[in-house]
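# Fold and contact review
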Amino acid sequence: MDLSKKEISILIEIIYSIVFVLIFLPYFYENQETTLILMDGLVEKIIQIIICTIIYFSIAYALLEIAFKKRETRDERDDMINSRSYKLGYLLYEFSLFIFIGYVCSKFQNKELLNLTGNQELYNGFQLTDGGIVFFIIVLLASISVIKSLYQFYLYRTV
């Protein structure tokens, strides 16, 4: 299986998204019950994410440029593949926004239903936190990124 420079570039993005989920998502999962202010080490985790991202992409694309010194030409096929994959990504972002709004509304509705039952202990324990929202958004963004890149890779391999 002979891969082009563009296909390897897409695989670099896919690998980064998967590694990001495996390394950094557990931190946000563990802290989804707390607010952003109370998260221990949030600033350090964000700095780690930024530094790891810069190092990963710098090394990966530097190696890619060393391996493929010849410049590839762009044609209508590249434009068509990019527009189709970004259209899918945009539609997934809109759909995830719809899911996110439904998630937030259902949390508020469930909390009000608990209030009507009169169980004050459950009502006070059932809350929508900043950490939960951040975790949910990161999961949506990571999954959309992987799906968009996989679709783009599929199009480069088949079209």
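Before reading on, note that the structure itself is shown above.
This report concerns the structure included in the present document. This one's a predicted model, so the numbers in the text were calculated from it and none came from an experiment.

### Points about the overall build of the protein
Regarding its fold elements, the protein presents five helices and zero strands. Beginning at the N terminus, the succession of helices and strands in the protein can be written as α-α-α-α-α. Whereas a compact globule of 159 residues would reach a radius of gyration of roughly 15 Å, the protein reaches 21 Å, over 25% beyond that. Taken over the C-alpha atoms alone, the protein extends approximately 70 × 35 × 20 Å along its principal axes. Taken across its 159 residues, the protein has 30% of its residues classed as buried. Element-wise, carbon and sulfur atoms account for 67% of the exposed surface of the protein, whose accessible area totals about 10,700 Å². For the protein, the distance from the average site of its 14 positive side-chain charges to the average site of its 17 negative ones is 9 Å.

### A closer look at the packing of helix α1 (residues 5–30) against helix α2 (residues 42–67)
Running from amino to carboxyl end, α1 crosses α2 at an angle of 160 degrees, the nearest separation of the two axes being 11 Å. One element, α1, and the other, α2, form an angle in the roughly antiparallel class. α1 and α2 meet at a crossing whose hand is right-handed. From α1, Lys5, Ile8, Ser9, Ile12, Glu13, Ile15, Tyr16, Phe20, Phe24, Tyr27 and Phe28 reach across to α2, where they touch Leu42, Lys45, Gln48, Ile49, Cys52, Thr53, Tyr56, Phe57, Ala60, Tyr61, Leu64 and Glu65. Within the contact of α1 with α2, the residues separate by chemical class into 16 nonpolar, three polar and four charged.

### Side note on the nonpolar core
In terms of nonpolar packing, the biggest core is built from eleven residues, these being Tyr16, Phe20, Phe24, Leu25, Tyr27, Phe28, Met39, Leu42, Ile49, Phe135 and Ile138. Within the residue set of this core, elements represented by two or more residues are α1, α2 and α5 (130–158). Examining the composition of this core, we find that six residues originate from one element, α1, more than from any other. Within the second largest apolar cluster, seven residues are counted, among which are Leu3, Ile81, Phe153 and Leu155.

### Points about the packing of aromatic side chains
In this structure the tally under the stated criterion is ten aromatic pairs. Ring centres 5.7 Å apart and planes at 15 degrees place the aromatic pair Phe57 and Tyr61 in the stacked group. One end of the pair, Phe57, and the other, Tyr61, are both in helix α2, four residues apart, so they sit about a helical turn from each other. Ring geometry for Tyr103 and Phe136: centres 4.4 Å apart, planes at 15 degrees, overall stacked.

### Quick notes on the pattern of salt bridges
Counting across every chain of the model gives three salt bridges. The partner of Glu7 in a salt bridge is Arg157, and the shortest N-O contact between them spans 2.9 Å. Of the two residues, Glu7 sits in helix α1 while Arg157 sits in helix α5, which places them 150 residues apart along the sequence. The partly exposed category is assigned to Arg157, whose relative accessible area is 36%. Note that Arg74 is salt-bridged to Asp79, the shortest N-O span being 2.6 Å.

### Considering the side chain of Asn31
Locating Asn31 in the fold gives a position in the loop between α1 and α2. If we ignore the near neighbours within four places in the chain, the residues touching Asn31 are Met39 and Gly131.

What counts, and where the lines are drawn
Residues numbered from 1 in each chain as written. Predicted model: local features only at pLDDT ≥ 70, side-chain atom pairs only at ≥ 80, totals over all residues. Heavy atoms only, no water. Helix = DSSP H or I, 4+ residues; strand = E, 2+ residues; numbered from the N terminus. Rg over C-alpha atoms; globule rule 2.2 N^0.38 Å. Buried < 20%, exposed > 50% of the residue type's maximum accessible area, 1.4 Å probe, protein only. Areas by Shrake-Rupley, 256 points an atom, 1.4 Å probe, with all protein chains shown as cover. Lys, Arg positive; Asp, Glu negative; His and termini not counted. Charge placed at Lys NZ, Arg CZ, Asp CG, Glu CD. Axes fitted to C-alpha atoms, helices over the stretch in contact; angles between N-to-C directions. Parallel < 35°, antiparallel > 145°, perpendicular 65-115°, else oblique. Left-handed = near helix turned anticlockwise from the far one by under 90°. Contact = heavy atoms within 4.5 Å. Nonpolar A, V, L, I, M, F, W, Y, C, P; charged D, E, K, R; others polar. Core = buried A, V, L, I, M, F, W, Y, C linked by side-chain atoms within 4.5 Å. Phe/Tyr/Trp six-rings, centres within 6.5 Å; stacked < 30°, edge-to-face > 60°. Salt bridge = Lys/Arg side-chain N within 4 Å of Asp/Glu carboxyl O.

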